[in-house]
Amino acid sequence: MSYAHIPIACLDGAVKRYGGLAALDGADLQLHRGELLALLGPNGAGKTTAISLLLGLVRADAGSVQLFGQDPQRIEARRRIGVMLQNAELPPTLRVGELLRLTASYYPSPRTVRESADLAGVADLLRRPYAKLSGGQQRRVQFALALCGRPELLFLDEPTVGMDIEARQKLWAAIRQLLAEGCSVLLTTHYLEEAEALADRVCVMSRGRMIHEGTVEELRARVALKRVRCLSSLPIDTVYGWPEVSEARREDGRLHIGTAAAEAVVRRLLDADPQLRELEVQRAGLAEAFTELTRDADQAAAANQREAA
Amino acid sequence: METVTSVTPSVSAIDMPRSRVLGAYLEEARSECLRYMRAPGFMLPIMLFPAMFYLLFGVLMAKSNGADAARYLLASYGVFGVMSPGLFGFGVSLALERDGGLLTFKRALPMPPGAYLLGKMLMAMAAAGVVILLLLAMALSLGHVTLNPFQAGALLLTGMLGVLPFCALGMFVGTLIKGQGAPGMLQLIYLPMSFMSGLWFPLPMLPKFLQQIAPVWPSYHLDMLALASVGMNKGSLLGHVLVLVGFASVFLLMAARRLRRHG
């Protein structure tokens with residue numbers, strides 16, 4: 001445990017450009033032994049690129065990328081990882097057992113086919129051709145392939161997309177079991193509850209950079225925002241002047257208000273405009289929280305530029 | 001390496017015993033064969049297309065030209081036939097698997113480098129063997145070609161090994177083009193190259209210019225070897241073999257480099 005502070009995977013100022021577009025623009029990431037780090041962010045934030053760099057699928061234009069202290073394109077480093085990617089079309093005619101046997105053959109000391117299948121809950125599917133499985137079953141098989149090599153570090157890219165609630169819970173349980181055995185996990189997900197259920201640390205990405213890193217509680221505190229919408233003739237400036245309102249705009253004749261104290265705002269709204277209709281209150285989704293975080297980051301960047309000028 | 005191991009101590013062995021690495025190669029080849037045998041729709045047209053071509057132009061149209069012409073056509077259509085599994089079996093499947101994300105997944109896994117390609121290579125060699133056997137069967141039964149067993153064996157061997165330079169070429173094209181664009185591009189290479197190497201009509205019947213540049217094409221050199229195996233080319237073969245080996249190595253290296261670095 002004395003080595004716990006040394007990262008087993010890290011990005012250090014990693015830059016990756018596709019054409020003129022910087023998918024990663026100086027990204028820093030450290031993953032420590034035994035922890036589960038959730039990588040969150042809107043589409044196009046650079047999550048997949050970050051993972052691709054750590055898996056050695058693409059090379060960084062600048063900065064350093066290390067996996068177990070080595071270049072990820074070295075097979076010795078990758079023998080210690082398991083991988084579940086977002087979209088991999090596996091050979092449709094191969095049976096699940098054959099896929100497991102093939103993937104396990106790449107590793108020095110893999111689990112048995114039976115053990116991997118039990119862990120991922122696919123023991124009843126071993127004789128079935130991959131193409132005949134449902135989407136959720138295919139995801140479970142991919143999870144089995146990820147863990148079959150007894151990895152020290154597991155990369156899970158959106159693992160529960162397409163799964164029903166029960167399958168999701170089972171997968172979470174399996175991930176917890178692997179964590180208990182000392183395996184580390186790097187997880188990307190769109191579901192905040194998934195990060196909440198599993199993650200030790202959360203890292204939010206936007207525009208190729210890490211804009212927030214901390215525990216799940218710290219992230220939740222930033223997502224406490226709620227959305228209030230209604231049809232009202234109240235002027236925006238009035239609404240924006242209320243102390244509880246952090247954001248207000250009009251779209252298609254509808255008022256959109258962001259606030260941490262929805263109850264107080266609704267009370268004021270109803271008092272101020274008796275004609276108010278179609279009132280809705282929603283907890284901000286994770287995507288909105290990202291937008292919020294991203295906007296903060298953008299404003300900070302703009303302010304910096306202004307100062308520099 | 002020493003500094004690395006001291007930074008990240010690990011209980012698991014990072015070194016993989018040679019027997020397990022070999023096992024990975026075998027598993028990969030086995031899976032590759034299994035998946036295509038269960039889905040014959042992909043390989044079957046690739047093997048039957050040149051066989052049909054030979055039946056039409058090499059057997060039915062060429063009946064009156066005598067035994068030597070029939071043997072000549074067997075060799076050149078044999079070369080035409082083995083180019084197909086090399087270029088298409090290899091190039092198209094690679095292009096499709098790059099598109100579908102399978103190759104990305106395999107590159108992220110610690111699959112031994114080359115295992116994936118070796119599996120496909122064995123498949124292409126097997127398919128090339130089937131093509132030659134099909135052509136031999138038609139030539140001997142319908143085309144009135146006379147070959148001794150040694151010549152037939154030599155042609156089969158030439159075909160099965162001769163597919164490899166075209167695997168390398170197909171693979172390189174497969175690394176350049178993703179998905180559905182690959183078959184069209186490969187046709188653009190396959191058909192003109194076959195024609196210009198004298199596989200459809202003997203070279204002396206082609207324009208002078210095409211005769212002069214024919215040695216540029218790998219299929220020309222393979223044709224020389226195939227003709228020799230049926231006893232119709234008494235010249236030196238070493239040069240042709242070397243050209244084919246060189247051609248295969250250059251394209252293999254370029255393609256492997258592209259695959260390893262960019263996928």
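Given the structure is predicted, the values throughout are model-derived calculations rather than measurements.

S.K.: Any details on the overall build of chain B? Residues and values, ideally.
M.R.: A count of helices and strands for chain B gives 11 helices and zero strands. When the helices and strands of chain B are listed from N to C terminus, the series reads α-α-α-α-α-α-α-α-α-α-α. When the 263 residues of chain B are sorted by exposure, 46% land in the buried category. Sequence-distant contacts in chain B: of pairs separated by 6 or more residues, those separated by 24 or more amount to 82%.

S.K.: Before we move on, can you summarise the overall build of chain A with the specific residues and values?
M.R.: Scanning chain A from terminus to terminus reveals 11 helices and 13 strands. Burial status across chain A gives 41% buried among its 309 residues. Taking the contacts inside chain A whose residues are at least 6 apart along the sequence as the reference set, 67% of them involve residues at least 24 apart.

S.K.: Residues and numbers for the interface of chain A and chain B, please.
M.R.: At the junction of the two partners, chain A supplies 34 residues and chain B supplies 32 residues. Among the elements of the structure, α2 (75-78) and α3 (96-104) of chain A are those that each provide at least two residues to the side of chain A that touches chain B. A total of four residues in the side of chain A that touches chain B trace back to one element, the largest contributor, which is α3 of chain A. A per-class count over the side of chain A that touches chain B returns 17 nonpolar, seven polar and 10 charged.

S.K.: Before we move on, can you summarise the pairing of strand β6 (residues 153-157) of chain A with the specific residues and values?
M.R.: Residues and elements named next belong to chain A. Here β6 lies mainly inside the structure; five of its five residues are buried. With burial as the criterion, each face of β6 is covered, one bearing Leu153, Phe155 and Asp157 and the other bearing Leu154 and Leu156. For strand β5 (residues 81-84) and β6, the ladder comprises four bridges, and the chain directions are parallel. The residue bridging valine 83 from the neighbouring strand is phenylalanine 155, located in β6. In terms of handedness, the path from β6 via helix α6 (residues 165-180) over to strand β7 (residues 184-188) forms a crossover that is right-handed.

S.K.: Describe in detail the sheet that holds strand β12 (residues 254-259) of chain A, supporting the description with residues and values.
M.R.: Residue and element names in this part refer to chain A. The four strands lie next to each other as β11-β12-β10-β13, forming an open sheet whose pairing is antiparallel. Two strands lie at the open edges of the sheet, namely β11 (245-251) and β13 (277-283), each paired on one side alone. The sheet shows a mean angle of 15° between the axes of neighbouring strands, direction not considered. For β11 and β12, the ladder comprises six bridges, and the chain directions are antiparallel. Pairing of glutamate 251 across the sheet is with arginine 254, part of β12. Against the sheet, helix α10 (residues 262-272) contacts β10 (226-231), β11, β12 and β13, and its axis sits at roughly 15° relative to β10.

S.K.: A description of helix α7 (residues 149-176) of chain B should follow, citing residues and the corresponding values.
M.R.: Along its 28 residues, α7 of chain B runs 41 Å from first to last C-alpha, staying within 8% of the 40 Å computed at 1.5 Å per residue. A bend of about 30° at proline 165 of chain B is the largest found in α7 of chain B.

S.K.: Can you tell me about the pairing of strand β9 (residues 209-214) of chain A, naming the residues and giving the values?
M.R.: Residues and elements named next belong to chain A. In this sheet, β9 lies alongside strand β8 (residues 201-206) in antiparallel orientation, the contact comprising five bridges. Bridge pairing links valine 204 to histidine 212 in β9. Hairpin connection of β8 to β9: two residues between the antiparallel strands, including arginine 207 at a positive phi of 50°.

S.K.: Go over helix α10 (residues 218-229) of chain B with me, naming the residues and quoting the values.
M.R.: All names here are of chain B. Taking 1.5 Å per residue, 12 residues should reach 16 Å; α10 reaches 17 Å between its end C-alpha atoms and fits that length. With respect to burial, α10 is a largely interior element, 12 of its 12 residues being buried. When α10 is considered as a whole, its buried residues turn out to be Pro218, Ser219, Tyr220, His221, Leu222, Asp223, Met224, Leu225, Ala226, Leu227, Ala228 and Ser229. Elements in contact with the buried residues of α10: α4 (67-100), α7, α8 (181-196) and α11 (238-262). Looking one or two residues past α10, glycine 231 carries a phi angle of roughly 80°, positive in sign.

S.K.: Got a sec to walk through the domain arrangement of chain A? Specific residues and values, please.
M.R.: By domain assignment, chain A separates into domain 1 (7-221) and domain 2 (225-284). Put simply, the middle of domain 1 of chain A and the middle of domain 2 of chain A, counted by C-alpha atoms, are 41 Å apart.

S.K.: Can you lay out the sheet that holds β9 of chain A for me, pointing to particular residues and giving the numbers?
M.R.: Residues and elements named next belong to chain A. Reading across the sheet, the six strands line up as β5-β6-β7-β3-β8-β9 and stay open at both edges, with mixed pairing between neighbours. Only two strands of the sheet have a single neighbouring strand rather than two, namely β5 and β9. Pairs of neighbouring strands in the sheet enclose a mean axial angle of 15°, with direction left out of account. In terms of strand pairing, β6 meets β7 through five bridges, oriented parallel. Bridge assignment links leucine 153 to a residue of β7, and that residue is serine 184. Each of β3 (36-40), β6, β7 and β8 touches helix α1 (residues 47-54); the most contacted strand, β6, lies at about 150° to it.

S.K.: Any chance you could break down the environment of aspartate 61 of chain A for me, citing the residues and the numbers?
M.R.: Residue and element names in this part refer to chain A. Topologically, aspartate 61 is positioned in the loop between α1 and β4 (62-67). Taking the C-beta count within 10 Å as the criterion, aspartate 61 has 13 such neighbours and is therefore assigned partly exposed. Between the alpha carbons of aspartate 61 and valine 15 there is a distance of 5.5 Å; along the sequence they are 46 residues apart. In contact with aspartate 61, not counting residues within four places along its chain, are Val15, Lys16 and Arg17.

S.K.: Can you break down the packing of helix α4 (residues 113-120) of chain A against helix α5 (residues 135-147) of chain A residue by residue, with the values?
M.R.: Residues and elements named next belong to chain A. α5 packs onto α4 with a crossing angle of 130° between their chain directions and a minimal axis gap of 9 Å. When the axis of α4 is compared with that of α5, the two are oblique. The two elements α4 and α5 cross, and the hand of that crossing is right-handed. For the pair α4 and α5, the contacting residues are Ser116, Ala117, Leu119 and Ala120 in the first and Arg140, Phe143, Ala144 and Leu147 in the second. Here the residues of the contact of α4 with α5 are counted per class, giving six nonpolar, one polar and one charged.

S.K.: For unusual backbone geometry, give the residues involved together with the corresponding values.
M.R.: Only a minority of non-glycine residues have a phi that is not negative, and only a minority of peptide bonds are not trans. Residues and elements named next belong to chain A. A positive phi angle, near 55°, is found at aspartate 252, a position not held by glycine. You can see aspartate 252 is positioned in the loop between β11 and β12. Judged by C-beta crowding, with 6 C-beta atoms within 10 Å, aspartate 252 ranks as exposed.

S.K.: Break down the environment of glutamate 194 of chain A for me, with residues and values.
M.R.: On the secondary structure map, glutamate 194 of chain A appears in helix α7 (residues 192-198). Each C-alpha atom of the pair glutamate 194 of chain A and proline 159 of chain A lies 10.0 Å from the other, and the pair is 35 residues apart in sequence.

S.K.: Break down the nonpolar core for me, citing the residues and quoting the values.
M.R.: Counting residues in each nonpolar core, the largest one holds 150 residues, and the members touching the most others are Ala38, Val83 and Ala144 of chain A together with Ala168 of chain B. Among the elements that make up this core, the one with the highest residue count is α4 of chain B (16 residues). Once residues within four sequence positions are removed from consideration, valine 83 of chain A is found in contact with Leu55, Ala146 and Phe155 of chain A together with Phe105, Ala108 and Leu109 of chain B. Membership of the second largest hydrophobic core comes to six residues, among which are Val228, Val239, Leu255 and Ile257 of chain A.

Thresholds applied
- Throughout, a residue's number is its position along its own chain's written sequence, starting from 1.
- A letter from A marks each chain and a number from 1 marks each ligand, given out in the order of writing.
- At least 70 in pLDDT is required for a residue's local features to be given in this predicted model, at least 80 for side-chain atom pairs to be given and counted, and no such filter applies to totals for whole chains, interfaces and linings, which use all residues.
- Secondary structure elements follow DSSP: runs of H or I no shorter than four residues count as helices, runs of E no shorter than two count as strands, and numbering proceeds from the N terminus.
- Three exposure classes are used. Buried residues have 20 or more other C-beta atoms within 10 Å of their own C-beta, exposed residues have 12 or fewer, and partly exposed residues fall in between, all C-beta atoms being placed from the backbone.
- Two residues qualify as a contact pair if the distance between their C-beta atoms, derived from the backbone, is within 7 Å.
- Residue polarity follows a fixed list, in which Ala, Val, Leu, Ile, Met, Phe, Trp, Tyr, Cys and Pro are nonpolar, Asp, Glu, Lys and Arg are charged, and the others, Gly among them, are polar.
- By this definition, two strands are paired if DSSP reports at least two bridges between them.
- Handedness rule for crossovers: strands pointing away from the viewer, path from the first strand over the helix to the second running clockwise, crossover right-handed.
- For helices, the axis comes from a line fit to the C-alpha atoms of the stretch in contact; other axes are also lines fit to C-alpha atoms, and the angle between any two N-to-C directions lies between 0 and 180 degrees.
- Multiply 1.5 Å by the residue count of a helix minus one, and that product is the helix's expected span.
- In this scheme, the bend at a residue equals the angle between the axes fitted to the seven residues that finish there and the seven that begin there.
- Those domain boundaries reflect an automatic or database domain assignment.
- To sort the angles, those under 35 degrees are grouped as roughly parallel, those over 145 as roughly antiparallel, those from 65 to 115 as roughly perpendicular, and the leftovers as oblique.
- In a left-handed crossing the near helix is turned counterclockwise from the far helix by less than a right angle, and in a right-handed crossing that turn is clockwise.
- Joining buried Ala, Val, Leu, Ile, Met, Phe, Trp, Tyr and Cys residues through C-beta atoms within 7 Å gives a set, and that set is a nonpolar core.

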